[in-house]
Amino acid sequence: MAGGVTSSGVVGDSFAAVRTRLLAPSWLVLLFFMFAPMVVMLIYSFLTKEFRGGVIWSFSLGAYDQFFLDRGLFGDEPPKIEWTYITIFLRSIWQALAATVLCLLIGFPTAYFIATRPVSQRTAWLFLITVPYWVNLLIRTVSMKFLIRDNGPLNEALLAIGLIDSPLALINTDFAVQLGLFYSYLPFMVLPLYASIERYDFTLSEAAADLYASRRAVLFRVVVPSVKPGLVAGCILVFVPSLGAFLAPDLLGGAKNFMIGSLIEEQFKGNAGNWPFGAAVSMILLTIVMLVLLVMARSRTRDVGSAA
Amino acid sequence: MSRAHDVRHMPGFGFLAVVCLLVLYLPLLVVMVYSFNESRSITLWGGFSLRWYAEIFYGPESPKFKTAAWNSLTIALIAATSATLIATSAAIAMVRGGSFRLRSATFGLITMPIMVPEIVTAVATLVFFSSIGFVLGYASILVAHIVFCIPFAYLPISSRLQGIESHYDEAAQDLYANRWQTFRYVLLPMLLPGVLSGFLLAFIISLDDFIITNFVKGAGVETLPTAIFGAVKQGIKPDIMALSTLLLGVSVLLVTASWWLGRKDSATHDQH
Amino acid sequence: MSDVAKALSFDQVVKDYGATRALHGLSFDIGEREFFTLLGPSGCGKTTLLRLIAGFESLTSGRIALQGEDVSTLAPAERPVNTVFQHYALFPHLSVHDNVGFGLKMLGWDDARSKRRVDDMLAMVKLSDFADRRPAQLSGGQQQRVALARAMAPEPRVLLLDEPLSALDLKLRQAMRSELKQLQQASGITFVFVTHDQEEALAMSDRIAVMAEGRVQQIGTPREIYDEPVNAFVADFIGQSNVLDVVRAGDGWSLLTSDYVLQAQGRPTGDAVRLSIRPEQLSLTVGHQTSDGWCGQVRHVSYLGSGSDIAVDIEHGPVLQVRLPAQDAVAVTVQPGDPVTVSANPGAARVLG
Ligand SMILES: Nc1ncnc2c1ncn2[C@@H]1O[C@H](COP(=O)(O)OP(=O)(O)OP(=O)(O)O)[C@@H](O)[C@H]1O
Ligand SMILES: [Mg+2]
């Protein structure tokens, strides 16, 4: 037992062996079925496509070439930048950003409102906010589609009360996709924000008000900076899944509002059937997401460091 | 204190909170209401009826839905159970195992299915299965579900375990319990609410999954979400709304159960 | 103390946490049936020592023997020692009865015998009516008694208590002091009790070990510790004390800047030593009389109800704390700034080591 025990260890302990046995199942399952697939995907993105789906095992940069470079219709012109896919990525980023902002605009006041309710009411509010998240995403998206159709209940109701003269064209627009994403991931915004605001010390608001701050000033200069960690977490939790979303753009956006998710799906399920290209697009998406997470993690450690 | 001078109060925030609830619930309520519509049209209200529910169970499409429901349920049950067992044992090692070299790498591995966008996991799993010649079907869905259920089971279990102070373990050992007895008589009973809510989370996540299932299901095997998606592609029909309402009911029931467990648990804990 | 009568003995006990040394080679014994208290300020290593005895931590070096038998490398479950935890650590999912019976179940006692023992224990702590409750349904004081019953049920040879009273309010704490003491005497179990409350330690203990910075400063009965502190730390930590640097003057001791000579108890090691004098052992007269005491000015007076604390600025010397009874004539009249003379009662001063 010569000094080989960690501070939490107990005399006569040999936890290392037990620990390995306890961790073995998760290591095995996740290394084999989660990590290895990522590696295989990376390899696939450098293989040659086969026409009816699948791959030919020979090295090729074709997938990335197709993504970034335009060599003309017959592939014999000098390479220019290919904008088709970059545009899809940019549009996806834009859509995800718009959805994040929407979530923030509604989610922040909601979280704030809940956090300022008496404790007994908060649980009920939180429950109401979380329940829809657990309802099947597909069903929720279909419901949204049903609601905002050209002759769906929303338009019917608005027509009936005379607010509009002709049905609003909502479905198959950019806005419909944003609405769908907003609807899909709103609880992801509200919950971390709520956790932050609930921990916020409201005497800070009182101190600011005492020093002649207006309500606006209290909100933007005291509350918002104090709950920044929750704000950042909420934005990431909405932005990241929105970026790779498939259902909302597919069901609500129609054919012309293509996003990354649909682009990838088409390579495997649709007629395009280009696996290496689908793998390459996935790798690029994964890279972007990891970069976003990394930047956020960095900024968070910096925040913590400067606070200390 | 009058509201006008309460610095916590922000005018209009209550209104937006109500808007938030409205946005969350309106689509679901509308679908629920229309699932009881007698009319075949999804636009006009033709009176209350349960015919679309009968249609799901006895209509011409019913065998398809029943098979899909059976697949969904059995996959969710097996996947959630396996994920919960794997996650529980991992959580014990991670939370109670002291510090070790691979700790943060292990945590990264366990949470990987949450960090990676779902569609990317779907692609990776598909190409992996195809590269090792794993035939797509029920088994491939099941394996994929076990994998992405692990972090959802792990998180509530490990956070519950972190909440159990190590004093309890020490008290048990002080009272002559060996490692197994400490786990069996002290940790496990105290951990149980976390294990249950982890299981329920994993169960719902598995039941809900569309994207990954859609990639790895192969031809012919459907779960409820993929079956519904296929049907919706041909237009939203009333029977789909009835089916959705049923699934919605199941989800709400499970979430309520998990909340109730969590609250009962925190109630006994607060009084300490 | 004969070898047989040692409940616990520590031999050069050292404990390191990484680079920090929490205990610096402790060696002392605790007798059978003793109520032994570890007393010291926060962070001095009391809990660490207790956890070493229980087996929750492993020794860096040295040896701990229980009734003569080396237990240094045994697991907690292998040591006939039980602990009352600071926050009790009662198992929330078990009833009071099952909590108390937990150790017996682990030891494999049969049900009937175990039930009898649990009932006895609950009667002992006056909680027989609460057997079926959950810990969450008990008050703090009741939880404390369950913890006690649970730790005593397996008939340990030594009971370890880590600040068991610190979570209780003042009234309950005082009531529990005498209750604990009675339980200890009735059961005949050796108690090792940790506290940083000196009053608690003085009231309950047979012997006290005063600790500071991972070292034992002094071991003795409450009276020895209070009346004969061996160093400035003990003198100041137990009660309050004035510590003076003095030099030899004839057959007594004096400040360099004063003619007042006083006698002191203890064994001086040279011509310059430190003395300790308790505030209540000093008296005060109005005006300056150089030969009868130290002259100075009153700095401030705090009224305490049962008495008054008066700080006196000695001319060319330290500030002395004087405690006077409430009805003392001087205490009633002195004002800050008044000239006064401070003198020590006979036998008040002690030479510190
Ligand atoms: N697990 C640990 N890891 C590192 N250092 C520790 C650990 N436990 C205690 N220490 C250090 O050892 C020293 C003694 O700590 P200990 O808990 O024994 O003090 P204590 O006398 O019980 O204090 P308190 O009255 O505050 O409970 C402290 O300096 C503490 O910081
Ligand atoms: Mg301590």
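Residues numbered from 1 in each chain as written. Chains lettered and ligands numbered in written order. Predicted model: local features only at pLDDT ≥ 70, side-chain atom pairs only at ≥ 80, totals over all residues. Heavy atoms only, no water.

Q: Help me understand the interface of chain A and chain B in this model?
A: Interfaces are frequently sized by the accessible area removed from exposure as the parts join. Contact residues are listed per partner, giving 90 residues for chain A and 88 residues for chain B. Interface area lost by chain A to chain B is led by Trp134, Phe146 and Arg215 of chain A, which between them contribute 10%. Where chain A touches chain B, the interface holds one salt bridge. For the salt bridge of aspartate 250 of chain A with lysine 233 of chain B, the shortest nitrogen-to-oxygen distance reads 2.7 Å. For the interface between chain A and chain B, the tally reads eleven residue pairs in polar contact (both at pLDDT 80 or more). Within the side of chain A that touches chain B, the residues separate by chemical class into 64 nonpolar, 15 polar and eleven charged. (Contact = heavy atoms within 4.5 Å. Buried area = accessible area lost by both parts, 1.4 Å probe. Salt bridge = Lys/Arg side-chain N within 4 Å of Asp/Glu carboxyl O. Polar contact = N/O pair within 3.5 Å; in protein donor to acceptor, adjacent residues only side chain to side chain. Nonpolar A, V, L, I, M, F, W, Y, C, P; charged D, E, K, R; others polar.)

Q: Looking at this structure, I do not really get the interface of chain C and chain B. What am I missing?
A: Counting residues at the interface gives 26 residues for chain C, matched by 18 residues for chain B. Carbon and sulfur atoms make up 64% of the area that chain C and chain B hide from each other, which totals about 2,100 Å². At the junction of chain C with chain B, the criterion picks out one salt bridge. Residue arginine 51 of chain C is joined to glutamate 170 of chain B by a salt bridge in which the shortest nitrogen-to-oxygen separation is 2.7 Å. When residues in the side of chain C that touches chain B are grouped by element, the largest group, four residues, is from helix α2 (residues 96-106) of chain C. Of the residues that constitute the side of chain C that touches chain B, the class distribution is 16 nonpolar, six polar and four charged. (Helix = DSSP H or I, 4+ residues; strand = E, 2+ residues; numbered from the N terminus.)

Q: Can you walk me through the sheet that holds strand β14 (residues 282-286) of chain C in this structure?
A: Where strands meet in a sheet, backbone hydrogen bonds hold them as pairs that are either parallel or antiparallel. Residues and elements named next belong to chain C. One open sheet accounts for five strands, arranged β14-β18-β15-β16-β17; its pairing is antiparallel. Of all the strands in the sheet, the pair left with one neighbour each is β14 and β17 (319-325). Averaged over all adjacent pairs, the angle separating strand axes in this sheet is 45°, with direction ignored. Judged from the seven bridges that link them, strand β15 (residues 294-303) and strand β16 (residues 307-314) form a sheet pairing that is antiparallel. Note that in β16 the partner of tyrosine 303 across the bridge is serine 308. (Pairing = 2+ DSSP bridges. Axes fitted to C-alpha atoms, helices over the stretch in contact; angles between N-to-C directions.)

Q: Looking at this structure, I do not really get a nonpolar patch on the surface. What am I missing?
A: The grouping of Leu31, Phe35, Val39, Ile43 and Trp57 of chain A at the surface amounts to a nonpolar patch, some 490 Å² of accessible area in total. The residue tryptophan 57 of chain A is located in strand β2 (residues 55-59) in this model. (Patch = residues over 30% accessible without salt bridge, like charges linked within 9 Å, V, L, I, M, F, W, Y side chains within 5 Å. Areas by Shrake-Rupley, 256 points an atom, 1.4 Å probe, with all protein chains shown as cover.)

Q: Can you walk me through the pairing of strand β10 (residues 215-220) of chain C in this structure?
A: Taken residue by residue, a regular strand's side chains alternate between the two faces of the sheet. All names here are of chain C. Looking at chain direction, strand β9 (residues 207-212) and β10 are connected through five bridges and run antiparallel. Across the sheet, the residue bridging to isoleucine 208 is glycine 220, located in β10. Turn length for the β9-β10 hairpin, with the two strands adjacent in sequence and antiparallel, is two residues, and the turn residue glutamate 213 shows positive phi of about 50°.

Q: Which parts of the structure should I look at to understand the packing of aromatic side chains?
A: Aromatic rings considered in pairs are described by the distance between their centres and by the relative angle of their planes. Enumeration over the complete set of coordinates arrives at 45 aromatic pairs over all chains. Pairing phenylalanine 32 of chain A with phenylalanine 128 of chain B gives two aromatic rings, centres 5.4 Å apart and planes at 85°, and the pair type is edge-to-face. With phenylalanine 32 of chain A in helix α1 (residues 15-44) and phenylalanine 128 of chain B in helix α5 (residues 118-131), this pair bridges two chains. Residue class for phenylalanine 32 of chain A comes out partly exposed when judged on its relative accessible area of 43%. Looking at phenylalanine 128 of chain B, the relative accessible area reads 4%, which means it is buried. In this structure an aromatic cluster arises from ring pairing among Phe32 and Phe33 of chain A together with Phe128, Phe129 and Phe134 of chain B. Here arginine 140 of chain A stacks its cationic end above the ring of tyrosine 183 of chain A, 5.9 Å away from the centre of that ring. In this arrangement the basic side chain of arginine 113 of chain C is found over the ring face of tryptophan 109 of chain C, its NZ or CZ atom lying 3.7 Å from the centre. (Phe/Tyr/Trp six-rings, centres within 6.5 Å; stacked < 30°, edge-to-face > 60°. Buried < 20%, exposed > 50% of the residue type's maximum accessible area, 1.4 Å probe, protein only. Lys NZ or Arg CZ within 6 Å of the ring centre and 35° of its normal.)

Q: How should I be thinking about the side chain of glutamate 57 of chain C in this particular structure?
A: Residues and elements named next belong to chain C. Checked against the element boundaries, glutamate 57 lands in the loop between α1 (46-54) and β4 (61-66). We classify glutamate 57 as buried; its relative accessible area is 5%. At 3.2 Å, the side chain of glutamate 57 and the side chain of arginine 51 are in polar contact.

Q: Would you explain the pattern of salt bridges in this entry?
A: Side-chain pairs of opposite charge can arise whenever the charged atoms involved come near each other. Overall, the coordinates contain 24 salt bridges over all chains when judged by the stated rule. Ionic pairing is found between glutamate 222 of chain B and lysine 217 of chain B, a salt bridge with its closest N-O pair at 3.5 Å. On the basis of relative accessibility, which here comes to 26%, the residue glutamate 222 of chain B falls in the partly exposed class. In this structure, the salt-bridge partner of aspartate 271 of chain C is arginine 248 of chain C, at a minimum N-O distance of 3.0 Å. Of the two residues, aspartate 271 of chain C is situated in the loop between β12 (252-254) and β13 (272-277) and arginine 248 of chain C in strand β11 (residues 242-249); the sequence distance between them amounts to 23 residues. Because the salt bridges share partners, they merge into one network encompassing Glu170 of chain B together with Lys15, Arg51 and Glu57 of chain C.

Q: In this structure, what is going on with the domain arrangement of chain C? I would like to understand it.
A: For chain C, the assigned domains read domain 1 (6-227) and domain 2 (240-352). Distance between the C-alpha centres of domain 1 of chain C and domain 2 of chain C: 41 Å. (Domains from an automatic or database assignment.)

Q: Please explain the site of ligand 1 as it appears in this structure.
A: Residues and elements named next belong to chain C. Inspection of the region around ligand 1 gives Tyr17, Ala22, Pro41, Ser42, Gly43, Cys44, Gly45, Lys46, Thr47, Thr48, Glu163 and His196 as its neighbouring residues. Contact with the protein chains covers 60% of the free accessible surface of ligand 1, which is 630 Å². It is α1 that contributes the most residues to the shell around ligand 1, three residues altogether. Among the residues forming the shell around ligand 1, the class breakdown is four nonpolar, six polar and two charged. (Near = heavy atom within 4 Å.)

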